[in-house]
Each structure stands twice: as structure tokens, then as C-alpha cells.
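Observations on the model geometry
Listed below, chain by chain, are the residues.
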Amino acid sequence: MAVKDSFSRIFGLTDKTDNEEIRQIPVDEIVPNPYQPRTVFDDEKIDELCQTIRTHGLIQPIVVRLRNNRYELIAGERRWRATKKLGMERIPAIIKDFNDTQTASIALIENLQREGLTAIEEAIAYQKLIDLHNLTQESLAQRLGKGQSTIANKLRLLHLPQEIQDALLTRKVTERHARALIPLKNADLQRKVLQEILEREWNVKQTETRVKQLLEAAEQPKQEKEAKPKWKAFSRDARIAINTVRQSIDMVLQTGLAVETNEEDHEEYYQFTIRIPKRMEGK
């Protein structure tokens, strides 16, 4: 609780529950928090929590606010889900008078301090905190006590195609898999490699190798194009003249005369140097 409380103060919130009245409220009158960053709840973890509640009871109350004659969750959705699963009619709760920004911030901060969020859920939570409090990545990193690169790397995941974000959400791929796809930039290529990862069960190293191959293949045509003669610098008449000179040289060479030639491409002109011996060899 100490870490979460300090975070609440940093974000200008007051979430302390000391000396506040704990009330028993009906479980069925509670609705989920619309700002909840966690979208996937592990049934096995919920079952473990149910067992703990059966043995020790619900030690920590949930936090709610009154909204449209219902109790809207601010913190404690896993506890609420467990009590519903156990068939409990009431749950201990503290009722707060929070606005939307405070409610969203508390929900985001609470979940960021717990294990189990997927990388994409974490990224969404960071982006929402940035938007809610008008923060930069650097200032968010300072408030959360994290490196700016950590925040930046997570936020880059939000630029990936939705299919990849969904794969992260359902844990079909890891964060390192997803980050390996970022250099491709092209969304179709990123989806293509995602499909290969899933079908061939590639590890991160294999994924990085595949991405490198695709990047090199994309670079090759560019290098070949740059290596081609710069015919665009010549007019049509100049190209005809150059080809005519070359054909004439070929005709002379066919006579057996040992003609020496050299071609040079200058900025303003194209130069032929032709050296013709005065005497045929052996005469």
C-alpha cells in the first residue's frame, strides 16, 4: 500500500483509506470500472483468490464511487470478481468522491503496481496517464520511477497493427517478439511475420533473423538501382551518339586492328579515348 499511496500523492490524488468508514455494500450493485486497463483476467488466479477469501476472509476492502445510483469500482476488481464467484451478497468497501480523472488514475496506478498486466495493457495504461495529466514520456517516467526508455519502448507497441496488439493481449507472442517487428514499419509485412511466428512457433532470435532478411531484401533493389548507369543524365540524341560510336569501334575491332578504347563519364560530357596503331602487328 505504501508504494501505491506515494504514487497517488505524486499524481495529485488522495487515495488513503486510513480512518475512513468501511461499509458492506451489495455485490450486485457494483459495476466495473470503465478505465480498468486490465482486459484479461486469469481464471486460475481468481480461483486462488477465492480460496484465500474462504480461508481468511476479505482483508482489504474495495474502493468505489457512486455513479448513476450504482457503485462504480475504482480499485479491487479481482476481489469483486472473486466474491461474485463465491456467491457472496455483500463486500466491504470504501466509498470515495472521485471525478473521472481521479478514478482513471487510481485504477491505472493500482494495476501498474501489480503483476500480470500484458505489455500492451501496460502501454495503454501509460498512454492514458500521459493523456489524463498532460505529461511527457520523461515526466511520466520520473513520476513512476522508471527509465524513459522503458516507457518509450512500451508506447511503441501501440503503433503496431491491431492483430499484433491482440496477440500480445492474449499472450500468443511476447513483448520481445513484437518489438522485433517494429523496424519493418510496413504493416502488411509485420502481419506476415506475425503469422509466421504463430505457425512456425519461432523464438525471438528466429523472428529477428527473419526481420533482418526482409530488411536486407528491401534494401537490395535500392542498391541495384543506384548501381545502374545514370542514363537519365543523357538526352536521347546523346545516347544514340554514344551507341553509334561503340558500334563503329566494334566494326573496327572485327577487322583485326588492335584498337584501344576507354570511356569516361564526366559531369558535363561523356568522353571516348581511341588509340589506333599506325601499323598492323607482324607487318
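Residues numbered from 1 in each chain as written. Predicted model: local features only at pLDDT ≥ 70, side-chain atom pairs only at ≥ 80, totals over all residues. Heavy atoms only, no water.

In the nomenclature of an unreviewed UniProt entry, the protein is known as Nucleoid occlusion protein of Brevibacillus aydinogluensis. Checking UniProt for the protein, the heading Sequence similarities (unreviewed entry) contains the comment "Belongs to the ParB family." Its UniProt record gives the protein the following Subcellular location (unreviewed entry) comment, quoted word for word: "Cytoplasm, Nucleoid". (UniProt positions renumbered as here; feature names shortened; annotations may be inferred.)

1. As for the overall build of the protein
Within the protein, the regular secondary structure consists of twelve helices and seven strands. Within the span of the protein, comprising 283 residues, buried residues form 36% of the whole. Within the protein, contacts between residues separated by at least 24 positions form 67% of all contacts whose residues are at least 6 apart in sequence. Of the accessible surface of the protein, which amounts to about 18100 Å², a share of 46% is contributed by carbon and sulfur atoms. (Helix = DSSP H or I, 4+ residues; strand = E, 2+ residues; numbered from the N terminus. Buried < 20%, exposed > 50% of the residue type's maximum accessible area, 1.4 Å probe, protein only. Contact = heavy atoms within 4.5 Å. Areas by Shrake-Rupley, 256 points an atom, 1.4 Å probe, with all protein chains shown as cover.)

2. Let's talk about the sheet that holds strand β5 (residues 90-95)
Read across the open sheet, the five strands follow the order β1-β5-β3-β4-β2; overall the sheet is mixed. The sheet terminates laterally at β1 (23-26) and β2 (30-31), the two strands that pair on one side only. Across three bridges, the pairing between strand β3 (residues 62-67) and β5 is parallel. When the bridges of β5 are listed, V63 appears paired with I94. (Pairing = 2+ DSSP bridges.)

3. Some thoughts on the pairing of strand β6 (residues 260-265)
Strand direction decides the pairing type here: β6 and strand β7 (residues 270-275), joined by six bridges, are antiparallel. The residue of β7 that forms the bridge with E264 is Q271. In this structure, the hairpin formed by β6 and β7 is closed by a connection of four residues.

4. Points about unusual backbone geometry
Only a minority of non-glycine residues have a phi that is not negative, and only a minority of peptide bonds are not trans. In this model, N68 sits at a positive phi of 55 degrees, which is unusual for a non-glycine residue. In this structure, N134 takes a positive phi of about 55 degrees despite not being glycine. Mapped onto the fold, N134 is located in the loop between α5 (119-133) and α6 (137-144). You can call N134 exposed: its relative accessible area is 71%.

5. Comments concerning the environment of E260
Tracing the sequence through the fold places E260 in strand β6. The spatial distance from the C-alpha of E260 to the C-alpha of I274 is 5.8 Å, given a sequence separation of 14 residues. Excluding residues within four positions of it along the chain, E260 makes contact with T273, I274 and R275.

6. A few points about the pattern of salt bridges
What the rule picks out here adds up to 13 salt bridges. One salt bridge connects E175 with K154, and the closest N-O pair in it is separated by 3.3 Å. One end of the pair, E175, is in helix α9 (residues 175-181); the other, K154, is in helix α7 (residues 148-156), with 21 residues separating them in the sequence. (Salt bridge = Lys/Arg side-chain N within 4 Å of Asp/Glu carboxyl O.)

7. What to know about the nonpolar core
Counting 17 residues, the largest nonpolar core has L157, L181 and V193 as the members making the most contacts within it. Those elements that place two or more of their residues in this core are α5, α8 (162-169), α9, α10 (187-200) and α11 (204-227). When near neighbours in sequence (up to four residues on either side) are disregarded, L181 contacts I164, Q190, V193, I197, T207 and V211. (Core = buried A, V, L, I, M, F, W, Y, C linked by side-chain atoms within 4.5 Å.)

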